[in-house]
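So you can see what is in the structure, the chains are spelled out below.
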Amino acid sequence: MAEINDGKGIKVIAYYLPQFHTIPENDRFWGKGFTEWTNTKKAKPLFPNHYQPKIPLNQNYYNLMDDKVKIWQSDLAQRHGVFGFCYYHYWFQNGKKLLEKPAEQMLANPEVTIPFCFSWANENWTKNWDGGNQELIVAQDYGGKKEWKSHLEYLLPFFRDKRYITLDGKPVFLIYKPEQIPQVDQMLEYWETEMQKQGFPGICFMIQNPNWYFSPSYQMGRFSYQIKFHPFFAMAYTEEKMKKLRRLQAAYRGLKPIHCQWMVERLFEAVKHKRQPAEKKQARLDYDRMWERIIRSKPSPKLIEGAFVDWDNTARTKTGLVHLGATPEKFYCYLSQLREKVLRSGQQPVIFLNAWNEWAEGAYLEPDEKHGYAYLEQLSRVFPPEEG
């Protein structure tokens, strides 16, 4: 297995979006031929010096159905210090799958040598980009043991693959929004038991999205770790706000048995809205300030550190979020500091990086026309390939 705790340094795992090939559902609801490149190409600069559209180097608008692309990505990433990819995994009601082919082809192709794990993007598939329920395309429904069994049986061949990423021998599996799963603890307990029957020590469950972390009902339950998914975790996190939220969470747990938790929920919403950027208009944030928050935030044994290359999702929506001031040199500087932080803190030796190829969100390591290979080169300076 591709073990994180192998004593060979900190591992960088980059989130990997598989929406670079056509599927019937996207053709039907977005127009024939839709992929992530569609939004990426149509983006326009919205203010002076705004880098849009993002253009891959040599206009490499690849198709993930081509195995040569996956081999190229695997080799390129590993040469520059990326330990593994975290594929977004889309599993819906009654075992409906979307965008599953790149991972399935990777599993069947030993030439794609990079280690991998999954993040279950457990939201409704909609015509919104925020996982909302408007204009529903494919519904999310979690069912009971029958459905849980079917899902786990699909995942088992991936978990058994020698490239699958493990932590202390357990396959790493992220769930994007576990708070949306009605019987989340029961489901995870079932999976854990079934995995042990298959000869595994269990599953290392991790929470990706920070929404639950900053909600009154948050609890780790059967999750081993909460990931600092940046830049969103850093946008929400300050020590002062966390102290308030932890008090509200304690009050919520105390009042829930007597059905009075609604009082805490109202207070929480007041705190929550103070930290949110204005909606329905474009927000511009400072890249340096966001990274300074990442570096300053207190480590915890139950938190996994995260990083981000850059963020600009105005290719998807003009009322998006733009970080200003990113450069490859700054990325090197901040990533170096984060590496030292992880080494000093004794946290798990892993950093989840946003992202390998989120082109429409401006979060990508792949080479582009503006910077070439510069971000990859800076990453390899901090995490030389021989370490990982």
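Below, the structure is looked at part by part. This structure is a prediction, so every number in the text was calculated from the model and none was measured.

Summing up its helical and strand segments, the protein chain has twelve helices and 17 strands in all. Radius of gyration (C-alpha) of the protein chain: 20 Å, near the 21 Å computed for a compact globule of 388 residues. For the protein chain, the spread of C-alpha atoms along the principal axes amounts to about 60 × 50 × 50 Å. The buried share of the protein chain, reckoned over its 388 residues, is 56%. About 17,100 Å² of surface is accessible on the protein chain, with carbon and sulfur atoms providing 50% of the total.

Attention shifts here to helix H4 (residues 101-108). Turning to H4, its buried residues number three or more, namely Pro102, Ala103 and Met106. Looking straight down H4, one finds that the buried residues subtend no more than 95° of arc, so they occupy a single side. If you follow the buried residues of H4, they end up packed against helix H3 (67-79), strand E3 (84-91), strand E5 (116-120) and helix H5 (145-160).

The next subject is the pairing of strand E13 (residues 303-308). Along E13, six of the six residues are buried, which leaves the element largely enclosed by surrounding structure. Along E13, one buried face is formed by Leu303, Glu305 and Ala307 and the opposite face, lined by Ile304, Gly306 and Phe308, is buried too. As paired elements, strand E11 (residues 225-227) and E13 share two bridges and run parallel to each other. Bridge pairing links Gln226 to Leu303 in E13.

The next subject is the side chain of Thr166. Topologically, Thr166 is positioned in strand E8 (residues 165-167). With a relative accessible area of 1%, Thr166 lands in the buried category. Apart from residues lying up to four places away in sequence, Thr166 is in contact with Met1, Ala2, Glu3, Ile4, Pro171 and Val172.

With that settled, the discussion passes to the packing of helix H11 (residues 328-345) against helix H12 (residues 374-382). Close contact between H11 and H12 brings their axes to 9 Å; oriented N to C, the two are set at 25°. Relative to H12, H11 is oriented roughly parallel. Here the hand of the crossing between H11 and H12 comes out right-handed. Across from Pro328, Glu329, Phe331, Tyr332, Leu335, Ser336 and Arg339 in H11, the residues of H12 making contact are Ala374, Tyr375, Gln378, Leu379, Arg381 and Val382. In the contact of H11 with H12, the residues fall into eight nonpolar, two polar and three charged.

Definitions and cut-offs
Residues numbered from 1 in each chain as written. Predicted model: local features only at pLDDT ≥ 70, side-chain atom pairs only at ≥ 80, totals over all residues. Heavy atoms only, no water. Helix = DSSP H or I, 4+ residues; strand = E, 2+ residues; numbered from the N terminus. Rg over C-alpha atoms; globule rule 2.2 N^0.38 Å. Buried < 20%, exposed > 50% of the residue type's maximum accessible area, 1.4 Å probe, protein only. Areas by Shrake-Rupley, 256 points an atom, 1.4 Å probe, with all protein chains shown as cover. Arc of directions from axis to C-beta. Contact = heavy atoms within 4.5 Å. Pairing = 2+ DSSP bridges. Axes fitted to C-alpha atoms, helices over the stretch in contact; angles between N-to-C directions. Parallel < 35°, antiparallel > 145°, perpendicular 65-115°, else oblique. Left-handed = near helix turned anticlockwise from the far one by under 90°. Nonpolar A, V, L, I, M, F, W, Y, C, P; charged D, E, K, R; others polar.

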